[in-house]
Amino acid sequence: MSHSLPFARHGDKQNSEFFEEFLVRLLEERDAIGLTDMIHEIDAMMITVDPGHSCRYIAELALMSPYHYLVTLESESHWTHILRIDMNSPDLLIREVKDANTQGIFRSLNEIYPIGAFKPNSRYMGEILRVNDLHGVVQLQQTRDFRFFSQDQVRKLELPGNLAVSKPSPYTHNIVGYMERPENQLRIYALGVSSIRTEIQDAYYAAKELQKLLQIDDLILPIDHLATRIYSQNREVAILEWLSLSSYRYWGSYNIKDQNSSTNVTKSVHYTNELKSPAKVFTANNTPYFVNHLMNLPSPTETFVRNYGPRLHHIAMAVLDGERHNMENIDWVVNQITAQGKEFLLDVIGSKQEGLKQIFSSASEHSSLIIEYVQRFGTFDGFFTKDNVAELTRAAGVEEELNELSGNT
């Protein structure tokens, strides 16, 4: 039986008595009933985009990440494009609604937020987790009061029929899917009719040729972590909910005082390498928005959530440690991509002496997601540095303030 608690705790953020009590109780229960051993890595992430955006978004990802276009699954009202690195890293499922007027539950999660409503279908949906026994996992989770879409509802939502899908979280607005798959078998998504879309394949090939020409194709590694922004009051319950749905553990939380926020990290119990199953990070304000005028504090995280809704903020790609052309790899990657017209929110921050360097891209016009690059040096054994996180949060907040002023993304 796996044990989820005997890991070193990191951070300086003070948690409540409620969190500390139920962290232990929920993880001990998860271990005891077998869920920790039944639920494994993140097998895939689901992203939806507005009509006409998937081809350009796939080309963007093909240049800025190691992902490859595999196939398109066509259902009645959606195209679902499958992107893959290999079977040791999660897939990306890019969903594109065919008709801009199509209504649905995921669109409604955008439409109640002022900036999110400008791209009503553009959002991160959630993760698909690999499990040993789909029926057994769902049955156990239902006894813990988690709710799932029925198979008829999954069909009407045009999600793969071999998934069990949770109802959206009230804290993150994300769903969690479970897919039964032996580790040595290919991922297969039971949905629609498969084909290779010529326009997408052509855009993908062009991006990959450019990536190779820029000499960055071997430097960008799979996903290191996924970072979700949530309301301040939901920090602890969002973490506990994710730990209950997954086989992840609590790594720790840091108070980023300069930006009035905290960064909270969870990692897989089963895999020490985040490239196999990315860390899940939750960022939240330390105080709710309505007290900031009294305390004169920055509020970039809460501002983002109020404008876009609780959602994934960025996907962090690891960069191979080392140098190219007398530049650290992350600097080379960013310089080469910048030369193609892609903007970044700040200069690369951090240093080899500090153990890592990081940078945020501007948000994608197609998915509203930021790409982060992170290069860790040598034997650096931390996940981040507080100074880096504060500067990244500040830079993202500046862009979000501009988006708020302009009224769009």
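Given the structure is predicted, the values throughout are model-derived calculations rather than measurements.

Asks: So what exactly am I meant to see when it comes to the packing of aromatic side chains here?
Replies: Describing an aromatic ring pair means giving the distance of the ring centres and the angle of the ring planes. Tallied over the full model, the rule gives 13 aromatic pairs. Relative to Y205, the ring of Y204 lies with its centre 5.3 Å away and its plane at 40°, an arrangement referred to as tilted. You can call Y204 buried: its relative accessible area is 10%. Overall, Y205 belongs to the partly exposed group, its relative accessible area being 43%. Here a set of aromatic residues connected by ring pairs shows up, and it is made of W251, Y254, F383 and F384. The residue whose ring lies beneath K98 is W79, and the NZ or CZ to ring-centre distance is 5.1 Å. Its end group placed over the ring of F383, R376 keeps NZ or CZ at 4.8 Å from the ring centre.

Asks: Would you take a moment to explain helix α10 (residues 300–308) for this structure?
Replies: An α-helix turns once every 3.6 residues. As a result, residues three or four positions apart point the same way. Of all 9 residues that make up α10, 7 are buried, and the element is covered over most of its length. For α10, the set of buried residues is P300, T301, E302, F304, V305, N307 and Y308. Following α10 by one or two positions, G309 adopts a phi angle in the positive range, close to 90°.

Asks: Whenever I open this one, the sheet that holds strand β18 (residues 356–360) confuses me. Can you help?
Replies: Think of a sheet as strands paired side by side through backbone hydrogen bonds, with each pair either parallel or antiparallel. One open sheet accounts for 9 strands, arranged β1-β11-β12-β13-β10-β14-β19-β18-β17; its pairing is mixed. At either end of the open sheet lies a strand with only one pairing partner, and these are β1 (10–11) and β17 (349–351). Relative to strand β19 (residues 370–376), strand β14 (residues 311–319) is paired through 5 bridges, and the arrangement is parallel. Looking at β19, one finds that I315 is bridged to I371. Of the strands in this sheet, β10 (220–230), β12 (261–268), β13 (279–285) and β14 touch α10, which is tilted by about 85° from β10.

Asks: Hey, could you run me through the nonpolar core in this one?
Replies: Across soluble globular proteins, nonpolar side chains show a tendency to be buried alongside one another. Counting residues in each nonpolar core, the largest one holds 74 residues, and the members touching the most others are Y178, I315 and Y373. Looking at which domains feed residues into this core, each of domain 1 (37–211) and domain 2 (214–408) gives three or more. Ignoring any residue separated from it by four or fewer positions in sequence, one finds Y373 in contact with M64, I220, M317, V319, I330, V333, V334, I337, F344, K357, Q358 and I359. Counting 20 residues, the second largest nonpolar core, distinct from the first, contains A44, M46, L93 and L157.

Asks: How do you make sense of the domain arrangement of the chain when you look at a structure like this?
Replies: How large an interface is tends to be reported as the accessible area lost when its parts come together. Partitioning the chain into structural domains gives domain 1 (37–211) and domain 2 (214–408). Between domain 1 and domain 2, the C-alpha centre-to-centre distance is 21 Å. Contacts between the two partners involve 50 residues from domain 1, matched on the other side by 56 residues from domain 2. Interface area for domain 1 against domain 2, summed over the two sides, is near 4500 Å², with a carbon-plus-sulfur share of 61%. It is M64, I115 and Y171 that lose the most area in domain 1 upon contact with domain 2, and together they represent 18% of the buried surface on that side. Taken together, domain 1 and domain 2 are joined by 4 salt bridges. Here K280 ties to E127 by a salt bridge, and the two come within 3.1 Å at their closest N and O atoms. There are 26 residue pairs in polar contact (both at pLDDT 80 or more) connecting domain 1 and domain 2. Looking at the side of domain 1 that touches domain 2, the elements with two or more residues in it are β2 (39–49), α3 (54–64), β6 (123–131), β8 (175–180) and α7 (198–213).

Rules used in this analysis
Residue numbers restart at each chain and count upward from 1, following the sequence in its written direction. A pLDDT threshold of at least 70 governs which residues receive local features in this predicted model, and a stricter bar of 80 or more applies before side-chain atom pairs are shown or counted, although totals over entire chains, interfaces and linings include all residues. Neither water nor hydrogens contribute to the side-chain values; these are computed over all heavy atoms in the structure. What counts as a ring pair is set by centres within 6.5 Å for rings of Phe, Tyr and Trp (its six-membered ring), and what kind of pair is set by the plane angle: stacked under 30 degrees, edge-to-face over 60, tilted for all other angles. Note on exposure labels: buried denotes an accessible area under 20% of the residue type's maximum, exposed denotes more than 50%, and partly exposed covers the range between, all computed with a 1.4 Å probe on protein chains only. We call a charge positioned above a ring when the Lys NZ or Arg CZ atom is no farther than 6 Å from the ring centre and deviates by at most 35 degrees from the ring normal. For helices the rule is a DSSP run of H or I covering at least 4 residues; for strands it is a run of E covering at least 2, with both sets numbered from the N terminus onward. Criterion used throughout: strands pair if DSSP finds at least two bridges between them. It only takes one pair of heavy atoms within 4.5 Å for two residues to be counted as in contact. To define axes, lines are fitted to C-alpha atoms, for helices over the stretch in contact only, and angles between the resulting N-to-C directions are given on a 0 to 180 degree scale. Buried Ala, Val, Leu, Ile, Met, Phe, Trp, Tyr and Cys residues that are joined via side-chain atoms within 4.5 Å together make up what is termed a nonpolar core. Reported domain spans reflect what an automatic or database domain assignment gives. Take the accessible area each of two parts loses on contact, using a 1.4 Å probe, and add the two losses: that sum is the buried area. For this analysis, a salt bridge means a side-chain nitrogen from Lys or Arg found within 4 Å of a carboxyl oxygen belonging to Asp or Glu. We call two N or O atoms a polar contact when they sit within 3.5 Å, provided that within protein one can donate a hydrogen and the other can accept it, with sequence-adjacent residues counted only if both atoms are side-chain atoms.

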